[in-house]
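Descriptive structure summary
Given next are the chains, with one letter for each unit.
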Amino acid sequence: MLPRDLKPEDFRLYPPVARRLVVENITAIRRLPLSFLPNLLREIIEYDYKFPAERTAITKELAKLGADSDAEVEDLLREFSKIRLSPQLESFDWVNSPGQFVERLSDHLWTTHQLDEFRIAATKYGDHLTALVDAEPLPIPRLGVSVVGRDVGSFDGPLFRKLRPHGTFFNRINPENGLNLLLEAVAARARRHPIPYAHWYIDGGEPANHDSILTGISYAALEPIRAALIAKIHTEIERPGMGPEALRSIMAQLRPSTLGMAGDDEIMQRFQLKLLTEASGTQIFSTTYAQWAAREALKRAQPLTLLVRFAPRQRQKAMNELLTVKPEQPELDELGSLIDADMSAYYNWLNQQRLPGAEKSCFLAWFEGHPSVLAIGPSIPRGTESGTEADLEKLLNWLV
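Residues numbered from 1 in each chain as written. Predicted model: local features only at pLDDT ≥ 70, side-chain atom pairs only at ≥ 80, totals over all residues. Heavy atoms only, no water.

Counting its regular elements, the chain contains 17 helices and 12 strands. For 400 residues, the compact-globule estimate of 2.2 N^0.38 gives 21 Å, and the C-alpha radius of gyration of the chain, at 23 Å, lies within 12% of that figure. In terms of overall dimensions, the chain has a C-alpha envelope of 70 × 50 × 40 Å along the principal axes. Sequence separation of at least 24 residues holds for 72% of the intrachain contacts in the chain that already meet a minimum separation of 6. Of the roughly 19,700 Å² of accessible surface on the chain, 50% is carried by carbon and sulfur atoms. For the chain, the distance from the average site of its 46 positive side-chain charges to the average site of its 53 negative ones is 2 Å. (Helix = DSSP H or I, 4+ residues; strand = E, 2+ residues; numbered from the N terminus. Rg over C-alpha atoms; globule rule 2.2 N^0.38 Å. Contact = heavy atoms within 4.5 Å. Areas by Shrake-Rupley, 256 points an atom, 1.4 Å probe, with all protein chains shown as cover. Lys, Arg positive; Asp, Glu negative; His and termini not counted. Charge placed at Lys NZ, Arg CZ, Asp CG, Glu CD.)

To continue, consider empty space enclosed by the protein. Applying the stated criterion across every chain, the model contains 3 cavities of 30 Å³ or more. What lines the largest cavity is simply Gly149, Arg150, Val152, Phe310, Ala311, Pro312, Glu334, Ser337, Leu338 and Ala341. Among the residues making up the lining of the largest cavity, the classes are represented as 6 nonpolar, 2 polar and 2 charged. Space inside the second largest cavity adds up to approximately 40 Å³. (1 Å grid on protein atoms, 1.4 Å probe; cavity = no way out; pocket = protein on both sides within 12 Å on 5 of 7 lines; lining within 4 Å. Points joined across faces, edges and corners; volume = space filled by probe spheres on them. Nonpolar A, V, L, I, M, F, W, Y, C, P; charged D, E, K, R; others polar.)

Turning to the packing of helix H3 (residues 37-44) against helix H8 (residues 98-111), a few remarks are in order. Where H3 meets H8, the closest approach of the two axes is 8 Å, and the angle between their N-to-C directions is 145 degrees. Here the hand of the crossing between H3 and H8 comes out left-handed. Note on element contacts: H8 touches H3 through Pro98, Gly99, Phe101, Val102 and Leu105, opposite Pro38, Asn39, Leu41 and Arg42. Of the residues that constitute the contact of H3 with H8, the class distribution is 6 nonpolar, 2 polar and 1 charged. (Axes fitted to C-alpha atoms, helices over the stretch in contact; angles between N-to-C directions. Left-handed = near helix turned anticlockwise from the far one by under 90°.)

Below, the discussion takes up the nonpolar core. Within the largest apolar cluster, 49 residues are counted, with the highest numbers of intra-cluster contacts made by Phe51, Phe160, Leu163, Trp200, Ile202, Ile217 and Phe271. Residues in contact with Phe160, not counting those within four places in the same chain, are Val148, Phe169, Asp342, Ala365, Trp366, Phe367, Ser372 and Leu374. Core analysis: the next-biggest nonpolar cluster, separate from the first, contains 37 residues, Leu32, Leu34, Ile44 and Leu105 among them. (Core = buried A, V, L, I, M, F, W, Y, C linked by side-chain atoms within 4.5 Å. Buried < 20%, exposed > 50% of the residue type's maximum accessible area, 1.4 Å probe, protein only.)

In this section: the domain arrangement of the chain. How big an interface is tends to be stated in terms of the accessible area lost upon association of its parts. When cut into domains, the chain gives domain 1 (3-133) and domain 2 (143-221 + 265-399). The straight-line distance from the C-alpha centre of domain 1 to that of domain 2 is 35 Å. Across the boundary between the two partners, domain 1 contributes 8 residues, which contact 12 residues of domain 2. In total, domain 1 and domain 2 occlude about 870 Å² of area from one another, counting both sides; carbon and sulfur atoms represent 65% of this. (Domains from an automatic or database assignment. Buried area = accessible area lost by both parts, 1.4 Å probe.)

Quick look at the structure:
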């Protein structure tokens, strides 16, 4: 079946909101080439479990494709139409399994030497879409906070080297009650602007007490889920002939209930499941989990407020040993975790800068329990160091 042959009943297995969205836009969808459409359907089929920012982007994209004339759509997607597909791909159930189709398409593009052509087509489409979708004004500037170095008594090396050229390094900030001050500050922002999934607290260990108004996730809270997943991975890799591609396909088919996830918020369940099944190292390293969770939250939910607290991770070991479920407590590497978190804070800032409103956004990185803080914002001098005495609450007030 080709896109032009699609009928509303072909999407009967889609979740209800996604199915309705497809049916409402089926005329536009029928005009899309097969080398392009499954990439879009891969996003649409998950529509019911996506964050508001993602839903808005998808609906705007479909509206644009529907508003364009046949000639405009043909010109926009001309390079996609030139991609040669195999009969096996054309006969694949790309409607109900668009993700698997995209994986097979990647293999096909590689073996037929069409990767460059596809990349050119995707870049052209992405640039066109970005130029047409106007970002809505934000109610407040974005604020990102990274808290690093938990349980590290002292550290003589320079911190926040990557961030320092973009802001001011404060070396005499009072650290007393610092985490609580930060958590209360981000919660206050959430109470003033109570937008769903707009204010996050991610913790790489046991989360501190915080206001439930924040969207909160933590590495520690997922311990039984991570253990179930690692046991699943361990069982699968013991099977004869099991390779990374097959294991990835198995991970993609997992559902929250499979690993024992419970609760009413299926959007967050799916989000956390993807953190554990689609990323590398999030199952076993707390710093990797916190960094990847922050990356995905910024990319997908586009929050106004994001506080990420890094915690010590276990020491590096052979992968087979790490993937073995053991009851004993792992040996922690506090200093190595601090170095990981320092770089992750820089990545958090970079990812925040990729979002709309970056020119007004603010960022703060703090060495937990210590007087070292790096602040970035429109009103903060760049590439400087300050011995000003203040606490974190006052510094945040200066910043935002």
